[in-house]
Amino acid sequence: MLRLTSIGARTSATGLGRIPPLLLQQLSFLGNKKPDSRGAARSQSTSTQTKETKGQASKNITAGVIAACAFVCVSTAVYTGHNRTLRLYAMDPRSAALDSPVRANATIPKTVGFYAALDGDHLDVDKLPVEEAVLTSAPTVPPPINRTYPVLLKVPLETVTSPKQVTNMYKYDEWTFNGTTPGPFIRARVGDVVELALTNRDKKGNPHNMDSHAFTGPGGGAAITTAEENETRIGRFRLLCPGLYIYHCAAAPVPVHIANGMFGLMYVEPAEGLPPVDKEYYVMQSEIYHEPPETEDDGRPSSTVEFSYPNALREEPNAVVFNGSESALTRDSPLKASVGETVRIFFGNAGPNLTSAFHVIGSHFLNVYRDGDVVSPPGRNVGTVSVPPGGVSIVDMKIVVPGTYTIVDHAIFRLDKGAVGFLNASGPPRPDVYVGSQPPEPCIGCKLHA
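Residues numbered from 1 in each chain as written. Predicted model: local features only at pLDDT ≥ 70, side-chain atom pairs only at ≥ 80, totals over all residues. Heavy atoms only, no water.

1. A word on a nonpolar patch on the surface
Short version of the rule: Put simply, a patch holds well-exposed residues, over 30% relative accessible area, that have no salt bridge, with like charges counted together within 9 Å and Val, Leu, Ile, Met, Phe, Trp or Tyr side chains within 5 Å. Throughout, the Shrake-Rupley method with a 1.4 Å probe supplies accessible areas, and for residues the shown protein chains are the sole cover considered. Salt bridges are defined as contacts in which a side-chain nitrogen from Lys or Arg sits within 4 Å of a carboxyl oxygen from Asp or Glu. Secondary structure follows DSSP: runs of H or I at least 4 residues long count as helices, runs of E at least 2 residues long count as strands, and numbering of each begins at the N terminus.
On the surface, Val-400, Val-433 and Tyr-434 cluster together into a nonpolar patch covering about 300 Å² of accessible area. Along the chain, the position of Val-400 falls in the loop between β20 (391–398) and β21 (403–409).

Put into structure tokens, the structure is as follows:
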């Protein structure tokens, strides 16, 4: 017999749900049902016995269905209540019932606990020490932060258009933060308050703003930083979560502003920092969509091309590049290191459409902080990292053998669209690790093994 009272008491006491009265009634009927009398006359006709047998079978089937439904309903009620208690506790431990069995043994992640600590914590921002942010252009990164306290970090940005040689053949009028694509690398510490002053210097009259994935609040700051031409907008944003994040312009139409070059990275250091390395670099991947060149008066094709919305909509880029142009990490500014050094790359994929398979040929990522997550343990000894549009990763390498290491998107045909870069490593050879019977001879015209 089912002990309905004890079931109801337990579910109610723990806050895990209550069994509906109608269901209790049905279960009670099943639990208290008496067996058929064995003293009934055995002189009934065969047809009567058959009807009773069918009727009993029907009742048994009905009882089984009701019991199964009861089991599902009770299980669902218990699970839902239990899950709800866990969710509430994760967001705010005070939301869980005091006598909940979950509370005694649960461990709150550091970041969630930080959110819970914000309740009743109203920071007086004006009393914070003030610092000017160190802003750097790719591939350089600002130095690590050594302080142990929050500051009001001032970040001045200007939006300007700037013609740039984006491929070996064509120039393109990029929309930028501070005149570069990607925009400046912004380094802060968890708990800092960023004071962003965005000034719009776009002479074409486009509005601009910033949506930073590091900011907490509607639009990532876009709504309060939208500036018209020659206007400055200021917003303050407390950095609640450590990690690496993309920022970009989110003025309408958002995809066009991103595709034209308005993006960058913001690194919010955790309080305890990451293990130190010898070199740090800033690399972003993006796509370029342009129309065919127009014909000049002399009959030659123009060296300048314009943005193509149809190509972008079809997700068919004319070029896929690192740090804004085809030559950024090859001829212009290849990365450099020495044998024995550790190298950290802060990598972001601005998209706006394609997922990157980030890979450094001939090396391994000893640490991979996937998705910019600097709280969880990193991945180890990884060869290729998948990074979606708007996504990031931090990778660490150790240089063991001298030579040129090629940076690619391992969707390898993108190599011929410009997605290639070099990390040049100098130092003594390591024949115990890497040696051949003949000196290395890269094939003619090879972009991978320079």
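2. Considering empty space enclosed by the protein
Going by this rule: For each structure, a 1 Å grid was placed over the protein atoms alone; sets of points admitting a 1.4 Å probe that cannot get out are labelled cavities, open sets with protein on both sides within 12 Å along at least five of seven lines are labelled pockets, and lining residues have an atom within 4 Å of a point. Grid points are joined across faces, edges and corners, and a volume is the space filled by probe spheres set on the points. When residues are grouped by polarity, Ala, Val, Leu, Ile, Met, Phe, Trp, Tyr, Cys and Pro land in nonpolar, Asp, Glu, Lys and Arg in charged, and all others, Gly among them, in polar.
Following the criterion strictly, the structure yields 1 cavity of 30 Å³ or more and no others. There is about 70 Å³ of room inside the largest cavity. When contributions to the lining of the largest cavity are tallied by element, the ones reaching two or more residues are β4 (171–177), α7 (254–259) and β11 (279–288). Considering each element in turn, the lining of the largest cavity owes the most residues, 3 residues, to β11. Across the lining of the largest cavity, the residue classes tally to 6 nonpolar, 5 polar and 2 charged.

3. Regarding the pairing of strand β13 (residues 319–322)
Along a regular strand, successive side chains alternate from one face of the sheet to the other. Which entries qualify depends on this criterion: The buried label goes to any residue with under 20% of its type's maximum accessible area, the exposed label to any with over 50%, and the partly exposed label to all in between, with areas taken from a 1.4 Å probe on protein chains only. Strand pairing is defined by DSSP finding a minimum of two bridges between the two strands.
Burial along β13 is two-sided: the residues Ala-319 and Val-321 and Val-320 and Phe-322 are all buried. In terms of strand pairing, β11 meets β13 through 4 bridges, oriented antiparallel. Directly across from Ser-286, in β13, lies its bridge partner Val-321.

4. Details of the pattern of salt bridges
Counted by the stated rule, this structure contains 18 salt bridges. In this structure, the salt-bridge partner of Arg-236 is Asp-126, at a minimum N-O distance of 2.9 Å. Taken as a pair, Arg-236 in strand β8 (residues 232–238) and Asp-126 in the loop between α5 (110–117) and β1 (130–132) lie far apart in primary sequence, 110 residues in all. Here Arg-236 falls in the partly exposed class, since its relative accessible area comes to 38%. Since its relative accessible area comes to 61%, Asp-126 is described here as exposed. The closest approach of N and O atoms between Arg-236 and Glu-195, which form a salt bridge, is 2.8 Å. Taken together, the residues Arg-236 in strand β8 and Glu-195 in strand β6 (residues 193–200) connect sequence positions 41 residues apart. A relative accessible area of 12% means that Glu-195 is categorised as buried. Linked through salt bridges whose partners overlap, the residues forming this network are Arg-187, Glu-269, Glu-280, Arg-344 and Asp-396.

5. Digging into the sheet that holds β21
What counts is decided by this rule: To get an axis, fit a line to the C-alpha atoms, keeping to the stretch in contact for a helix; angles then go from 0 to 180 degrees between the N-to-C directions.
What the 5 strands build is an open sheet, ordered β14-β22-β21-β16-β19; its pairing is mixed. Of all strands in the sheet, those with a lone pairing partner are β14 (335–338) and β19 (384–387), marking the two edges. Within the sheet, the average angular offset between the axes of one strand and its neighbour, ignoring direction, is 20 degrees.

6. Some remarks on a negative patch on the surface
Rule in force here: Counting rule for charge: Lys and Arg are taken as positive, Asp and Glu as negative, and neither His nor the chain ends is counted. Where a charge lies is defined by one atom per residue type: Lys uses NZ, Arg uses CZ, Asp uses CG and Glu uses CD.
Where like charges cluster on the molecular surface, the negative patch consists of Glu-291, Glu-294, Glu-296, Asp-297, Asp-298 and Glu-306. With respect to the helices and strands, Asp-297 occurs in the loop between β11 and β12 (304–305). Classification of Asp-297 as exposed rests on a relative accessible area of 86%.

7. Structural notes on the sheet that holds β11
Judged by pairing direction, the sheet is mixed, and its 6 strands sit side by side in the order β13-β11-β15-β20-β17-β18 without closing on themselves. Since the sheet does not close on itself, it has two edges, and those belong to β13 and β18 (379–382), each with one partner. Averaged over all pairs of adjacent strands, the angle between strand axes in this sheet comes to 25 degrees, irrespective of strand direction. Relative to β20, strand β15 (residues 342–351) is paired through 8 bridges, and the arrangement is antiparallel. Bridge pairing in β20 places Ile-345 opposite Val-395.

8. Describing the packing of aromatic side chains
The condition that has to hold: What counts as a ring pair is set by centres within 6.5 Å for rings of Phe, Tyr and Trp (its six-membered ring), and what kind of pair is set by the plane angle: stacked under 30 degrees, edge-to-face over 60, tilted for all other angles.
Enumeration over the complete set of coordinates arrives at 8 aromatic pairs. When the ring of Phe-215 is compared with that of Phe-237, the centres are 4.1 Å apart and the planes differ by 5 degrees; the resulting orientation is stacked. Taken together, the residues span a long stretch of sequence, with Phe-215 in the loop between β7 (211–212) and α6 (222–225) and Phe-237 in strand β8 at a distance of 22 residues. Judged by its relative accessible area of 7%, Phe-215 is buried. Here Phe-237 falls in the buried class, since its relative accessible area comes to 7%.

9. Observations regarding unusual backbone geometry
Along the chain, Thr-181 connects to Pro-182 via a cis peptide bond; the corresponding omega equals 0 degrees. One non-glycine residue, Asn-178, adopts positive backbone phi at about 60 degrees. Here Asn-178 is to be found in the loop between β4 and β5 (185–189). We classify Asn-178 as partly exposed; its relative accessible area is 35%. Despite not being glycine, Glu-315 has its phi angle at roughly 60 degrees, a positive value.

10. Concerning the environment of Pro-163
To keep things clear, this is the line we draw: Any two residues whose heavy atoms approach within 4.5 Å are treated as being in contact.
Structurally, Pro-163 can be placed in strand β3 (residues 152–165). According to the relative accessible area criterion, Pro-163 is exposed, its value standing at 64%. In this structure the C-alpha to C-alpha distance between Pro-163 and Asp-173, which are 10 residues apart in sequence, comes to 4.1 Å. Those residues in contact with Pro-163 that lie beyond four places of it in its chain are Tyr-172 and Asp-173.

11. Some details on the environment of Arg-370
Considering the arrangement of structural elements, one finds Arg-370 in strand β17 (residues 365–370). Residue classification places Arg-370 among the partly exposed residues on the basis of a relative accessible area of 41%. Expressed as a C-alpha distance, the spacing of Arg-370 and Gly-391, which sit 21 residues apart in the sequence, is 9.2 Å. In contact with Arg-370, other than residues within four places in its own chain, are Gly-379, Val-382, Val-392 and Ser-393.

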